[in-house]
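Observations on the model geometry
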Amino acid sequence: MSELTPGVKVPRSMGERIRRVLIEMGALDREKRIRSDDSHIYIPVLESIDPDALRDIADVEIVRMEFEEDRRRITVEEILGRKPSFETIGDIAVVEDEEPERVADAIMSVHRGIRTVLTPISDVEGEFRLRRYRYVAGDRKTTTIHREHGIRYKVDLERAYFSPRLSTERLRVAEQVRPGDTVVDMFAGVGPFSLLLAKRGARVIAIDKNPHAVNLLRENARMNRLDVEIREGDAAALTEDLADQADHVLMNLPHSASIFLSEAIRTVKSGGVVHYYTFAPGDDLYRDVRIIEEKARELGCEIALLYKGVVRSYAPRIYNVVIDFVVRKTHTSETLIEK
């Protein structure tokens, strides 16, 4: 005979409301399946919960009965009856939905590792590409540890930009970098490109202007025991001593990467690769190729397109795209500086 464990018996009409209350209390036993009959729902609760606390939430009857182990993981989509928009960063879920509280309930009932749910209340804005958030559920925090490709990143969502949606793109770039290559990451943030490439054996010079991002990058390098040269300040100024040194230059600043094309081309070796990111409309995805070609001609260089691709959807009919190009130089670094 299976073990009898505690639950609450509630009328079917109250089931969803009581389930949400139990989640907020931390009382729901998520390892067992809810039962029901024609008139009532039986919701499993943890043994550690005070019965008096349960009686306070509503006129419910406390029962002990057999609950099956929940071997089938119900999905957020099944709970809501639709697919909501959210992404997870460490133990934080960021929800972009018209009903964030309802989505938060569903997420926390399904994803046991989620401790906090936030919803953005601004677009990416300002010099450091940050968003502002509203707390929805769970612990009140914006800091977490995110794991990606075997590396741990400390992230503070309100102080330094980070997107898990670039995970596949980061791996794509990493597969092009060989041990011993020199990489200049012009807009490194907390280090998701830089640390992955350092782990692959590259010499990485990581630059960022946001002091909070730089502090997190330093902490992340120590936490993962990876050697990265970190420079805090403007990428244009901090690449002046790096002419012709980089096998790869990363330009993950899609709002304004074009402003720094001269510095990127000057920094990369002849035969090296620049990884350039931008936002573009769906009907002209790779329009910045024209800007890149014009800048190369201005500097007396030639480029060869290596790869073009869509990284992710960013907004309606707007996409984050990447353009990889090889630079062939016919002038010295000093000539490029003069230009």
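Coordinates for the structure precede this section.
Here the structure is a predicted model, which is why all the values come from computation and not from measurement.

The rules behind the values
- Residue positions are counted from 1 within each chain, in the order its sequence is given.
- This being a predicted model, a pLDDT of at least 70 is required before a residue's local features are given, and a value of 80 or more before pairs of side-chain atoms are given or counted; all residues contribute to the totals for chains, interfaces and linings.
- To obtain the side-chain values, all non-hydrogen atoms of the structure were included, while hydrogens and water were left out.
- Salt bridges, as used here, are contacts in which a Lys or Arg side-chain nitrogen is within 4 Å of a carboxyl oxygen on Asp or Glu.
- With a 1.4 Å probe rolled over the protein chains alone, any residue whose accessible area is under 20% of its type maximum counts as buried; one over 50% counts as exposed, and the rest are partly exposed.
- Helix and strand assignments follow DSSP, with helices taken as H or I runs no shorter than four residues and strands as E runs no shorter than two, numbered in order from the N terminus.
- A strand pair is defined by DSSP finding two or more bridges across the two strands.
- Angular values range over 0 to 180 degrees, each being the angle between N-to-C directions of two axes fitted as lines to C-alpha atoms, with helices fitted over their stretch in contact.
- Pairs of residues are marked as contacts when any of their non-hydrogen atoms sit within 4.5 Å.
- With a 1 Å grid spanning the protein atoms alone, the term cavity applies to any set of points in which a 1.4 Å probe fits but cannot get out, the term pocket to an open set with protein on both sides within 12 Å along at least five of seven lines, and the term lining residue to any residue with an atom within 4 Å of a point.
- Grid points are joined across faces, edges and corners, and a volume is the space filled by probe spheres set on the points.
- Classes in brief: Ala, Val, Leu, Ile, Met, Phe, Trp, Tyr, Cys and Pro nonpolar; Asp, Glu, Lys and Arg charged; the others, Gly included, polar.
- When two rings of Phe, Tyr or Trp (its six-membered ring) have centres within 6.5 Å they constitute a pair, described as stacked for plane angles under 30 degrees, edge-to-face for angles over 60, and tilted for the intermediate range.
- Remark: a charge is flagged as sitting over a ring if the NZ atom of Lys or the CZ atom of Arg is within 6 Å of the ring centre and within 35 degrees of the ring normal.
- Convention used here: angles under 35 degrees read as roughly parallel, angles over 145 as roughly antiparallel, angles from 65 to 115 as roughly perpendicular, and any remaining angle as oblique.
- In this scheme the crossing of two helices becomes right-handed for a clockwise turn of the near helix relative to the far one and left-handed for an anticlockwise turn of less than a right angle.
- A helix is expected to span 1.5 Å multiplied by its residue count minus one.
- Our arc is simply the arc of the directions from the helix axis toward the C-beta atoms.

Attention now moves to the pattern of salt bridges. For the structure shown, the criterion picks out 27 salt bridges. Here D29 makes a salt bridge to K32, at a shortest N to O gap of 3.1 Å. Like D29, the residue K32 is buried in the burial classification. The structure contains a network of salt bridges with shared partners spanning R82, D97, E99 and R102.

With phi around 50°, H149 is a residue other than glycine that occupies positive phi space. In this fold, H149 is placed in the loop between β9 (143–148) and β10 (151–156). For H149, a relative accessible area of 30% puts it in the partly exposed group. Phi angles above zero are rare outside glycine, and R317 is one such case at about 65°. Within the secondary structure, R317 sits in the loop between β16 (301–315) and β17 (318–329). Classification of R317 by relative accessible area gives exposed; the value is 66%.

Turning our attention to the sheet that holds strand β6 (residues 92–95). Strands sit in the order β5-β6-β7-β8 across an open sheet of 4 strands; the sheet is mixed. Two strands bound the open sheet, and with one partner strand each, they are β5 (86–89) and β8 (133–138). When the angles between neighbouring strand axes are averaged without regard to direction, this sheet yields 25°. Pairing geometry for strand β7 (residues 116–120) and β8, over 5 bridges, is antiparallel. What sits directly across from T119, in β8, is R134. Across the sheet, helix α4 (residues 100–110) lies against β5, β6, β7 and β8, angled at about 45° from β8, the strand it touches most.

Picture the strands of a sheet paired through backbone hydrogen bonds; they go either parallel or antiparallel. The 4 strands lie next to each other as β2-β3-β1-β4, forming an open sheet whose pairing is antiparallel. Single-partner strands in this sheet number two, and they are β2 (35–36) and β4 (61–65). Pairing between strand β1 (residues 5–11) and strand β3 (residues 40–44): 5 bridges, direction antiparallel. The partner of P11 across the bridge, within β3, is H40.

To find the voids left in a structure, one rolls a probe of water-molecule size over its atoms. Summed over the entire model, instances satisfying the criterion amount to 2 cavities of 30 Å³ or more. One number sums up the size of the largest cavity: a volume of about 120 Å³. Forming the boundary of the largest cavity are 13 residues, of which Y161, F187, A188, P192 and N252 lie nearest the centre. Grouping the constituent residues of the lining of the largest cavity by class yields 7 nonpolar, 3 polar and 3 charged. Here the second largest cavity defines a volume of roughly 60 Å³.

We describe a pair of aromatic rings using the distance from one ring centre to the other and the angle between the two ring planes. This model, assessed by the stated rule, comprises 4 aromatic pairs. Aromatic side chains Y153 and F162 sit 6.2 Å apart centroid to centroid with 40° between the ring planes, which places their arrangement in the tilted category. Across the pair, exposure class does not vary: Y153 and F162 are buried alike. Taking the centre distance of 5.1 Å and the plane angle of 70° together, the rings of F187 and F260 count as edge-to-face. One end of the pair, F187, is in the loop between β11 (182–185) and α6 (192–199); the other, F260, is in the loop between β14 (246–251) and α9 (261–267), and 73 residues separate them in sequence. This pair shows no difference in class: F187 is buried, exactly as F260 is. The lysine or arginine in question, R170, covers the ring of F193, its NZ or CZ lying 5.9 Å from the ring centre.

Turning our eyes to something else, we now look at the environment of R140. Along the chain, R140 turns up in the loop between β8 and β9. With relative accessibility at 68%, the residue R140 sits in the exposed group. Along the backbone, R140 and E294 are 154 residues apart, and their C-alpha atoms lie at a distance of 48 Å.

We now examine the environment of V249. Along the polypeptide, V249 turns up in strand β14. If sequence neighbours within four positions are ignored, V249 has contacts with V184, M186, A264, T267, V268, V273, V274 and H275.

Further remarks concern the packing of helix α5 (residues 167–174) against α6. Where α5 meets α6, the closest approach of the two axes is 10 Å, and the angle between their N-to-C directions is 40°. As summarised for this structure, α5 and α6 are arranged oblique, according to the angle between their axes. Remark: the crossing between α5 and α6 carries right-handed chirality. Two secondary-structure elements touch here, α5 through E169, R170, L171, V173 and A174 and α6 through P192, F193, L196 and L197. Tallied by class, the residues present in the contact of α5 with α6 amount to 7 nonpolar, no polar and 2 charged.

Taking 1.5 Å per residue as the helical rise, helix α7 (residues 211–223) with its 13 residues ought to reach 18 Å, and the 18 Å between its terminal C-alpha atoms agrees with that figure. The complete set of buried residues in α7 reads A213, V214, L216, L217, N220 and A221. All buried residues of α7 lie within an arc of 165° about the axis, which places them on one face of the element. If you follow the buried residues of α7, they end up packed against β10, α6, β12 (203–208) and β13 (229–232).

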